[in-house]
Amino acid sequence: MLKAVIIDDEAQSRMLLSQMLKSYCPEVEVVGTAKDVLNGIKVIQANQPQVVFLDIEMPNYSGFQLIHFFDDQIDFEIIFVTAYHQYAIQAFKASAVAYLLKPIDIDELIKAVNQAQKRLQTPNQIARLEAVKQNIHQQQIKRVVFPGANSYIFLNTDEISHLESDGRNALIHLLDNNEPLRSSISLKDCEDLLVDSTFIRVHRSFIINLMHIQKFSRGRDSYVQMDNRAKVDVGRSYKDALSEAINLFTR
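Residues numbered from 1 in each chain as written. Predicted model: local features only at pLDDT ≥ 70, side-chain atom pairs only at ≥ 80, totals over all residues. Heavy atoms only, no water.

Student: For this particular structure, what's the right way to read a nonpolar patch on the surface?
Tutor: Residues Val145, Tyr152 and Phe154 make up a contiguous nonpolar surface patch of about 330 Å² in total accessible area. Position of tyrosine 152 relative to the elements: it lies in strand E7 (residues 152-156). (Patch = residues over 30% accessible without salt bridge, like charges linked within 9 Å, V, L, I, M, F, W, Y side chains within 5 Å. Areas by Shrake-Rupley, 256 points an atom, 1.4 Å probe, with all protein chains shown as cover. Salt bridge = Lys/Arg side-chain N within 4 Å of Asp/Glu carboxyl O. Helix = DSSP H or I, 4+ residues; strand = E, 2+ residues; numbered from the N terminus.)

Have a look at this one:
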């Protein structure tokens, strides 16, 4: 039996895929499911699956980013599952990662499971997954364009310390600590632009770049201090997720 984990933010999608595997791929046993990447990591560590069915577009972290949390300890095959065509599928295919498009076709599901079985038996899995990791790294956002009032703001993501809500607009704080740049789109829209990067929401008014955290205070009034010395409040409901993200991200 192949032990499998399903990570997808939609409960119906998790249930449907579980049922399809039970009906058409009896050699697969679903040993756990999760609604996002951070919970998925826990489920993977607890169950040690051979196969992970991984959605791509999820809150806080996309499925692309899960592989980076494991470094060289990955011993499972990833089958990406997505409803969207724009996620560089051909790049993943070139790296020998199986993928499925929603709605899932039964024949494609069976084919992906068979491919996973064959790949798990090959001795070069670590090398393959390292290639996948590099491929994903290359696909991550390096340059992002924020609409301004009468212009466009072109930035490298590693220039950005954090973003702040300003009504219907967003303020972009840079590492150089000069005056923030104003984007004409909302913080939520900025979050969508940065979905495949190292940014995480820590407050209803703030998104931070994990790469530029200098200090995280978990006291009653939680905050992070960034590399540019800016102090950013952390909302109570975001505190645990940020702690887990930092622990996993810095392994």
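Student: Explain the pattern of salt bridges here, please?
Tutor: Any two side chains of opposite charge can pair if their charged atoms end up close together. Under the defined criterion, the tally for this structure stands at 6 salt bridges. The salt bridge involving aspartate 8 is made with lysine 102; its shortest N-O contact spans 2.8 Å. Highlighted residues: aspartate 8 in the loop between strand E1 (2-7) and helix H1 (11-24) and lysine 102 in the loop between strand E5 (98-101) and helix H4 (106-120), separated in sequence by 94 residues. Since its relative accessible area comes to 4%, aspartate 8 is described here as buried. By relative accessible area, which is 22% here, lysine 102 ends up partly exposed. Close ionic contact of arginine 218 with aspartate 240 constitutes a salt bridge, the shortest N to O distance being 3.9 Å. With a gap of 22 residues between them, arginine 218 in the loop between strand E13 (213-217) and strand E14 (223-226) and aspartate 240 in helix H7 (residues 239-249) connect regions that are remote in the sequence. One network of salt bridges, with partners in common, ties together Asp8, Asp55 and Lys102. (Buried < 20%, exposed > 50% of the residue type's maximum accessible area, 1.4 Å probe, protein only.)

Student: Which parts of the structure should I look at to understand the sheet that holds strand E11 (residues 199-203)?
Tutor: The pairing of strands in a sheet happens through backbone hydrogen bonds and is either parallel or antiparallel. Within the open sheet, the 5 strands sit side by side as E10-E9-E8-E12-E11. Their pairing is antiparallel. Among the strands making up the open sheet, the edge pair consists of strand E10 (181-183) and E11. Within this sheet the neighbouring strands show an average axis-to-axis angle of 25 degrees, counted without direction. (Pairing = 2+ DSSP bridges. Axes fitted to C-alpha atoms, helices over the stretch in contact; angles between N-to-C directions.)

Student: For this particular structure, what's the right way to read the pairing of E13?
Tutor: Successive side chains on a regular strand alternate, one facing one side of the sheet and the next facing the other. Relative to E14, E13 runs antiparallel, the two being bridged by 4 bridges. Looking across to E14, one finds that isoleucine 213 is bridged to methionine 226. Linking E13 to E14, which pair antiparallel, is a turn of 5 residues.

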